Amino acid sequence: MSKQAQHFFLEDWLKSSTTTTPIATTKPTASSARAIIQSWSNLRNSLQTQTFQLLHLQSLQTLLNSQTSINVADPQAKLLLSILSSSSPNLSLPPESHPLFLKLLYIWVRKSSKPSQALLDSALPILSNLFNEEREIHFSVGSLGVLLLGAISFVPGLSENSRKACVELLCKLFEQERGGVMAVVQGEFVPEVLAGIGYALISSEIPYISRILDCMFGIWGKGKGLSGSVSYGLMMLHLIEWVVSGFINLQSYKKIECLCGEISRTRKLDSALFAVVMVAAGGLRGLIKAPLIGTRAETVHNIRISLEKCIAVVARELISKTGSFCHSAFDPNIRLIVQCIALSLARSGPVSFDPSLLLCITFASLTEVFPLRSFYSRILDSLHKNSIQLGLSEVKAHLDSILFKEAGAITRVFCDQYVSADDEHKTMVEKLIWSYCQDLYSEHRRIALALHGELPELFGDLEKIAESSFLMVVVFASVVTKNRFNSALSREIQLDVSVGILVSFSRVEYFRRIRLPEYTDAIRGVAKNVQENEPACVSFVESMPSYDDLTNCYGSVGLSEVEYNWAKDNVQTARILFYLRVIPTCIERVPASVFSKVVAPTMFLYPLYMGHPNGKLARASHSVFVSFMSSGKDSNQEERTLLKEQLVFYYIQRAIEGYPGITPFDGMASGVAALVRFLPAGSPAAMYCVHSLADKAKSLCSKAMTEDAEMWKDWQGDSEPSKKLLELLLRLLSLVDIQILPNLMKLLAQFIVELPKDGQNMVLDEIYNQVADSDDVTRKPALVSWLQSLSFLCSQTTFTKSTSSSSTDILSLNTVSARL
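Residues numbered from 1 in each chain as written. Predicted model: local features only at pLDDT ≥ 70, side-chain atom pairs only at ≥ 80, totals over all residues. Heavy atoms only, no water.

Describing the overall build of the chain
Looking only at helices and strands, the chain features 39 helices and zero strands. Sorting the 820 residues of the chain into buried and exposed places 55% on the buried side. Partitioning the contacts of the chain with sequence separation of at least 6, the portion at a separation of at least 24 is 77%. (Helix = DSSP H or I, 4+ residues; strand = E, 2+ residues; numbered from the N terminus. Buried < 20%, exposed > 50% of the residue type's maximum accessible area, 1.4 Å probe, protein only. Contact = heavy atoms within 4.5 Å.)

As structure tokens, this is what we get:
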């Protein structure tokens, strides 16, 4: 361990542990070899002449600028110590030179493969005198002094007396009265101080471990220390991990027990709670590498339990003090502890279940990892104060934060804790997640409508966080389906959970940007549950936004000053699309009264859904109509049959009004095919459908021929709307019931004989092919006879461009009907 550690500076590793990306630091320009040689020469001259001037201070700085490349050998270290220890009144060192001397001596200790023991021994009284001579130790001197003393104590082969003297001096720097702990450390030097503590911990004997830990906890002591932060917490976590790993490599299990025992003691709760949590997590992370063999396995197991309990005690204390996290969501101290609990669990490996941990990590996920509700509230407030850029900076800072980047790991721990929880806590957490989905849906709608497409960068950053929260919800829901549906849970609760997942998925559907197997599997699992139970189906369908909510933003969004365009409400549109896709899977269990009250008003909204510019939504709306028309085949439900008849009139009216341009032809064609197939024989609604289609086809054809007289030269591959509609009418010849067929044939004949000769020939060929391929022995004879009569009529007529009904060149409709 010691040899391996010689190749890096521990403080640099601690800095890198606070982020998932390389730290972009501005390093001083490295000095040239000539400048380095000249600097050492200047320092030797300083000792010889017993003077110290600005030139010598600059020489020290030149050497430090190349700290990553230079090696300080024993002779140079002796030179530095000699200057520091000189008693000449002419060689008076300015205070700003002391940190430079200490840092160069640290480089000597860390980079030398075997520093001189005599020099190390002689350095201790010199350093002691330096600290004692300072009237008030500057924090840079105190911090680098801790770093250097810790590094010296870590040197292999150092005498025990010198090692103890190092640790004693290090502790006294924290305990001395002049300036207290703030004389030792301030924010910019925290990594150096923690590194010095780490070196000292790993090299000290058991009696010193508790004292050194007290020094570390004292950095954030109440009322006299630094303010805590997630970065400081992560440094402590990985510092203790490094120490424990070192003890494992050295087979020092007694020291591990002592260290972790000191961490676990409840009296440490008098220290900053965030520090307690992160230090305990560091011990857990370090123990992951411990070999579990023989009696050591039991020792490691017991140590892990004590450290896990330490974190759980902090969580329990937090919950008992706050009562409800909701009332303390913006307390900085509470937020810091919750953030640290989430990160500690994410980085310390598997942790046993504890209700307090589950509640804390749930709260952390919903308020700290994905703090959208807080962002939405503050942004909406700032819109009225013209300070929205503040919101932009906060959101960007969160996207770059370590907490957000660890969202996946935190979600994994959250799900693991949920799986081990009892039913009471599972239900509690589920409700919190579903409530979060509701808030996410409603508040994101408000933001989208309030911004009016402005500040796209801010809105885009919010959606990045929302997309990640969607992944969290999906992963959690997937775990819920696998865990709850395989347990001895009552059927009623399983159905409630299923409906809750479906409704929540509808609310976060807008944020789905990628295809996820967990998402698909979860929907299939819960939809299968729901579609087998009528109350569950009704509950899901009735959760659909009402007609008023869809067309009026004031009640559901609460922005009365916003001019609401519901056709552009993408968040709401995505939710409705989800419902329209799922409802067909459970349509058999949806009573006609519920469908009429909830689904039909939404489905027939015009032009938003049946003819929405979003093709997926329009097709889904038509698919719902098809599924309802084909439902209830095995039952004689008068109410359902009556509703089908009523809906057809609305459906055809809405569909034809929007065709072409709004209503998608494929959706309308599938709807028409379903209604003529599943309505009772001779249904007036089916008759209305046929007449409406024929009228629309005539209207479109007349308009098209006016604009393009050559439109009938090619039938195949033409996208002309009138031809598509005529093609649909021809397909109905084989679909409508035998009671409506004569009426359809009459309408088609009246339409076809008015077509130009090219059009007549193409349509007759199409009908001929269709009749020839038919094996329907019931309707084929009638179609053959009709086709022969129609062919004869077409051969007797000549197309004219005149539209006058008195023209002698066009057979009257009554004549056509009579001859047929």
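Some thoughts on unusual backbone geometry
Here the residue pair Tyr659 and Pro660 is connected by a cis peptide bond, since its omega of -5° sits within 30 degrees of zero. Structurally, the position occupied by Pro660 is in the loop between helix H32 (638-657) and helix H33 (665-678). Look at Gln50: it is not a glycine, yet its phi comes out positive at around 55°. You can call Gln50 partly exposed: its relative accessible area is 22%. For Gln251, which is not glycine, the phi dihedral falls at a positive 60°. Turning to its location among the elements, Gln251 is positioned in the loop between helix H12 (230-249) and helix H13 (253-264). In this structure Gln251 comes out as partly exposed when scored by relative accessible area, which is 44%.

Quick notes on the confidence of the model for the chain
Of all residues in the chain, 85% have pLDDT values of 70 or greater, and the mean over the chain is 84. Confidence drops under pLDDT 50 across residues 1-6; counting only partners more than four residues distant or on other chains, this segment forms 13 contacts. (pLDDT = per-residue confidence, 0-100.)

Considering the packing of helix H5 (residues 74-85) against helix H7 (residues 117-133)
In the contact formed by H5 and H7, the axes pass within 10 Å of each other and the chain directions differ by 20°. Put simply, H5 runs roughly parallel to H7. Handedness of the crossing formed by H5 with H7: left-handed. Residue-level inspection shows Asp74, Ala77, Lys78, Leu81, Leu84 and Ser85 of H5 in contact with H7, the latter providing Leu119, Ser122, Ala123 and Ile126. (Axes fitted to C-alpha atoms, helices over the stretch in contact; angles between N-to-C directions. Parallel < 35°, antiparallel > 145°, perpendicular 65-115°, else oblique. Left-handed = near helix turned anticlockwise from the far one by under 90°.)

Observations regarding the environment of His425
Structurally, His425 is set in helix H22 (residues 423-451). Distance in space between the C-alpha atoms of His425 and Ser356 is 10.0 Å, their sequence separation being 69 residues. The contacts of His425, once residues within four sequence positions are left out, are Pro355 and Leu358.

Comments concerning the pattern of salt bridges
For the structure on display, the rule yields 27 salt bridges. The salt bridge partner of Lys289 is Glu241, with a shortest N-O separation of 3.6 Å. Taken together, the residues Lys289 in the loop between helix H14 (273-287) and helix H15 (294-322) and Glu241 in helix H12 connect sequence positions 48 residues apart. When its relative accessible area of 52% is taken as the criterion, Lys289 is described as exposed. With a closest N to O distance of 3.0 Å, Glu368 and Arg335 form a salt bridge. (Salt bridge = Lys/Arg side-chain N within 4 Å of Asp/Glu carboxyl O.)

Concerning the packing of aromatic side chains
Throughout the structure, instances matching the rule amount to 21 aromatic pairs. With a centroid separation of 5.4 Å and 35° between ring planes, the pair formed by Phe9 and Tyr106 is classed as tilted. With Phe9 in the loop between helix H1 (2-5) and helix H2 (10-16) and Tyr106 in helix H6 (residues 98-111), the pair connects residues that are 97 residues apart, well separated along the chain. Residue classification places Phe9 among the buried residues on the basis of a relative accessible area of 14%. Taking relative accessible area as the criterion, Tyr106 reaches 1% and is therefore assigned buried. (Phe/Tyr/Trp six-rings, centres within 6.5 Å; stacked < 30°, edge-to-face > 60°.)

Describing the packing of helix H3 (residues 33-49) against helix H4 (residues 54-65)
At a closest axis distance of 9 Å, the pairing of H3 and H4 adopts a crossing angle of 140°. Between H3 and H4, the angle is such that the two are oblique. Relative to H4, the crossing made by H3 is left-handed. Facing Ala35, Ile36, Ser39, Trp40, Asn42, Leu43 and Ser46 of H3, the residues of H4 in contact are Leu55, His56, Ser59, Leu60, Thr62 and Leu63. Of the residues that constitute the contact of H3 with H4, the class distribution is seven nonpolar, six polar and no charged. (Nonpolar A, V, L, I, M, F, W, Y, C, P; charged D, E, K, R; others polar.)

Some remarks on the nonpolar core
Grouped together as the largest cluster of nonpolar side chains are 284 residues, with contacts concentrated most on Trp220, Phe505 and Phe595. Not counting chain neighbours up to four residues away, the residues in contact with Phe505 comprise Val473, Val474, Ala477, Tyr519, Ala522, Ile523 and Phe578. (Core = buried A, V, L, I, M, F, W, Y, C linked by side-chain atoms within 4.5 Å.)

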